[in-house]
Amino acid sequence: MSEILTTTPFGRRSLSLGMLAANMVARECPPDAVVHKWKIFNAVCEAKVALGASDRALAVLNALLSFHPETALTGEGGLVVFPSNVQLALRAHGMPPATLRRHLAVLVNCGLVIRRDSPNGKRYARKGQGGEIETAFGFDLTPLVARAQEIEKLAEVARQERRELTLLRERVTLYRREIAKMIAAGVEEGVPRDWNGLHSAYRDIVLRIPRLPSKAEIEPIATELALLVTEIRNALEFNLNSKNLNTNESLCEHHIQNSNPESLTESELASEKAKAMVKVHDGPTCPSIGCSTGGPEVHPSGGQDRNDGLQGPRSGNQPAPLKGYPLGMILEACPDIIGYAKGSISSWRDFMTAGDLVRKVLGISPSAWEEAQLAMGREAAAVVAAAMLQKAGTINSAGGYLRNLTEKARAGQFSIGPMLMALIRTRHRGQQQSA
């Protein structure tokens, strides 16, 4: 079959640059290209958003493909189908004529099919002496063959985004269950916390979830819920560890190291010395000193033990991360600190080094910085410095602001979670307004 490759449409339809581009793609299609028509149709269905095709337009494309007798579409030609509107509407599940014409125009504008209009605008084929079709006017399916690789790539991207969206929606569902049940447990157990405020924050986040969310819409919501889960879990675990400490302390009071009360062993002397040092720093006495059944050490900042990342400066070389707050999440909330790093921030050591530099830039005195590190821990103090840098325009005195937070940390009234959530919400709100 030798088609006449007409470019301009019949009647009052205008010629667009998109139609010319589709014709160019069809002319450059290699003759040896072969695709399975139903496989390429499935790929078009998956990539319909990127291609700009609607569900009804895909129903029309399915009907057009059914009029081609072969399963394989080749680049050698002979891909023009010429059904009447009546037959095409029947195979498109009884689509009304006006709707059919509208969705045929969508397929043409998407570059999935090409109009090959006859002189009078009718669709037909002319056969030669041997009975073979030599000229046909109708819809050319060659773009499906020529754009097969592009369509497959778009379909793979759509599948990947769909998988990621599914995972995000699962995470949000799990976070919602975690928050609701942990808040209920905190209220029932009488854990001292502002549960009404936490529940209000949870409801504010949940009410922003769209009915059919996209990945860009649900990703920041999942991040905020993750921060809220971490904050509530830390509060419950801190209360649980506090109860364990009280139990261990009562056990230690009944533990007798030596039958002679007037003689002190070397371990008891060390215990007395350690207790005196803790009192100097206004911290609670560690019940585990001098007792083999002791529990974890509690710090003025409200941390749970020396491994939770909220401790003071260590003598060791390896810093421990903040419990429940990944470094990537903190960098998402405070991205400005990246500009103060010597290179990239890939570890907590890099982050704390940048935090020391930010402290100097903000004009915080060494004494205020040292007190903050003792009360919060080195990692938490660096996070606070990064947060202060992020909203430096709203802070009049960085030193006074840090000392205020230090006093709250000593009283056990300071938490990193709300600060990070507020910064992330502010960033997402700014991105939405700029978009």
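In this report, the structure presented in the accompanying data block is examined. (Residues numbered from 1 in each chain as written. Predicted model: local features only at pLDDT ≥ 70, side-chain atom pairs only at ≥ 80, totals over all residues. Heavy atoms only, no water.)

### What to know about the overall build of the chain
Inclusion rule: Counting from the N terminus, the helices are the DSSP runs of H or I reaching at least four residues and the strands are the DSSP runs of E reaching at least two. It only takes one pair of heavy atoms within 4.5 Å for two residues to be counted as in contact. Surface accessibility in these figures is a Shrake-Rupley result with a 1.4 Å probe; residues are shielded only by whichever protein chains are displayed.
Counting its secondary structure elements, the chain contains 17 helices and 6 strands. Once local pairs closer than 6 in sequence are excluded, the contacts in the chain between residues at least 24 apart make up 69%. If you sum the accessible surface of the chain, you get close to 23900 Å²; carbon and sulfur atoms cover 52% of it.

### Points about the pattern of salt bridges
To be explicit about the condition: Only one rule defines a salt bridge in this text: a Lys or Arg side-chain nitrogen within 4 Å of an Asp or Glu carboxyl oxygen. Under the scheme applied here, a residue whose accessible area is under 20% of the maximum for its type counts as buried, over 50% as exposed, and between as partly exposed, the area being computed with a 1.4 Å probe on protein chains only.
Evaluated as defined, the whole model comprises 14 salt bridges. Glu 371 is the partner of Arg 403 in a salt bridge, and the nearest nitrogen-oxygen pair spans 3.2 Å. Of the two residues, Arg 403 sits in helix H16 (residues 398–410) while Glu 371 sits in helix H14 (residues 366–376), which places them 32 residues apart along the sequence. We classify Arg 403 as partly exposed; its relative accessible area is 35%. Given a relative accessible area of 28%, Glu 371 falls into the partly exposed group.

### What to know about the side chain of Asp 140
Stated precisely, the cut-off is as follows: For the purposes of these results, a polar contact is taken to be a pair of N or O atoms within 3.5 Å, where, inside protein, one atom must be able to donate a hydrogen and its partner to accept one; residues adjacent in sequence count only when each atom of the pair is a side-chain atom.
Tracing the backbone shows Asp 140 in strand E6 (residues 133–140). Overall, the relative accessible area of 5% leaves Asp 140 in the buried class. Polar contacts involving the side chain of Asp 140 include one to the side chain of Arg 116, which spans 3.1 Å. Here Asp 140 is in contact with Leu 79, Val 80, Leu 112, Val 113, Ile 114 and Arg 116, once residues within four sequence places are set aside.

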